[in-house]
Amino acid sequence: MLYLATHILNGWLFDFATISDNISLIYLPAFLRLFNLLVLGPAFGTVSTILGGLLLLSHFDDPLEVGLLNIACSSAGPLIALLCFRIYMKRQPEITSLRDLASLTILYCVSNSVIHHFTWVLIGKSEALELTTVFWMFLGDLNGALLGAYLMKASLDFLEKKGVNFSGPSKPKG
């Protein structure tokens, strides 16, 4: 439900940044796809993205086959990024490492935009692989992932100021 709500909120808040039905210069669900993968793990994180995508099917006017392919692409992007990270770095990303998270985010944004556009060319939704639209989707995913990370950090900071401690047992600050 959070994925669905974030997607609808993103469309409403950032309507000014919409380039096409499938591309926005600010795309907050990109953050949730990576967040799900890192927090829930590859299996449950992917299932979470798939379920969110299935809930969104009625939100778009695409034919069912195109919608399902978009869900597959959206689910594959973070997995491919994680696989590339593991192969290149020969280890798992550390969720506390800003360098690892930045690298994984860049890999995700590239893989997501390339996978979507390549698929759209294969099914005839796009006539050619246009690097400018691939770039715009990359940029929108990157902006959304960064904005989502900053919003999460601000929320955690706010909660810590209210006395919620995330590093151990919760106790009021005094």
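Residues numbered from 1 in each chain as written. Predicted model: local features only at pLDDT ≥ 70, side-chain atom pairs only at ≥ 80, totals over all residues. Heavy atoms only, no water.

### What to know about the confidence of the model for the chain
Low-confidence regions, as indicated by low pLDDT, have predicted coordinates that should not be scrutinised in detail. Per-residue confidence for the chain averages 89 on the pLDDT scale, and 95% of its residues sit at or above 70. The element-level mean pLDDT for the chain is lowest in helix α1 (residues 2-13), coming to 87, with helix α3 (residues 64-89) highest at 95. (pLDDT = per-residue confidence, 0-100. Helix = DSSP H or I, 4+ residues; strand = E, 2+ residues; numbered from the N terminus.)

### Quick notes on the packing of aromatic side chains
Ring pairs (aromatic) are described by centroid distance and by the angle formed between their planes. Tallied over the full model, the rule gives four aromatic pairs. Site record: aromatic cluster; members linked through ring pairs are Phe135, Trp136 and Phe138. The positively charged end of Lys125 is found above the aromatic ring belonging to Trp120, 5.1 Å away from the centroid. (Phe/Tyr/Trp six-rings, centres within 6.5 Å; stacked < 30°, edge-to-face > 60°. Lys NZ or Arg CZ within 6 Å of the ring centre and 35° of its normal.)

### Some thoughts on α3
When the terminal C-alpha atoms of α3 are compared, their 38 Å separation across 26 residues agrees well with the 38 Å that a helix rising 1.5 Å per residue should span. If you look at α3, its biggest bend is around 25°, right at Ala76, and the proline Pro78 turns up within four residues after that. Among all positions of α3, only Val66, Gly67, Asn70, Ile71, Cys73, Ser74, Ser75, Gly77, Pro78, Ala81, Leu82 and Phe85 are buried. On its buried face, α3 sits against α2 (29-56) and α4 (98-122). Of the residues trailing α3, Lys90 is marked for its positive phi of about 60°. (Expected span 1.5 Å × (residues − 1). Bend = angle between axes of the 7 residues up to and from the residue. Buried < 20%, exposed > 50% of the residue type's maximum accessible area, 1.4 Å probe, protein only. Contact = heavy atoms within 4.5 Å.)

### A look at the nonpolar core
Counting 17 residues, the largest nonpolar core has Tyr3, Leu104, Tyr108 and Cys109 as its most contacted members. Of all the elements in the fold, those that place two or more residues in this core are α1, α2, α3, α4 and α5 (131-161). Of the residues forming this core, the biggest block, six residues, is contributed by α2. Those residues in contact with Cys109 that sit more than four places away from it in its chain are Phe138, Asp141 and Leu142. (Core = buried A, V, L, I, M, F, W, Y, C linked by side-chain atoms within 4.5 Å.)

### A word on the environment of Phe138
Note on placement: Phe138 falls in helix α5. A residue is classified by how much of its surface remains accessible, and Phe138, at 17% relative accessible area, is buried. Each C-alpha atom, one on Phe138 and one on Tyr27, is 9.7 Å from the other, the two residues being 111 residues apart in sequence. Discounting residues that sit within four places of it in the chain, Phe138 has contacts with Ile106, Cys109, Val110 and Ser113.

### Details of the pattern of salt bridges
According to the stated counting rule, one finds three salt bridges in the structure shown. Residue Lys125 is joined to Asp62 by a salt bridge in which the shortest nitrogen-to-oxygen separation is 3.6 Å. Residue Lys125 is located in the loop between α4 and α5, and its partner Asp62 is located in the loop between α2 and α3; the two are separated by 63 residues in the primary sequence. For Lys125, a relative accessible area of 34% corresponds to the partly exposed category. On the basis of relative accessible area, Asp62 is assigned to the partly exposed category, the value being 25%. The closest approach of N and O atoms between Asp100 and Arg91, which form a salt bridge, is 2.6 Å. For Asp100, a relative accessible area of 2% puts it in the buried group. (Salt bridge = Lys/Arg side-chain N within 4 Å of Asp/Glu carboxyl O.)

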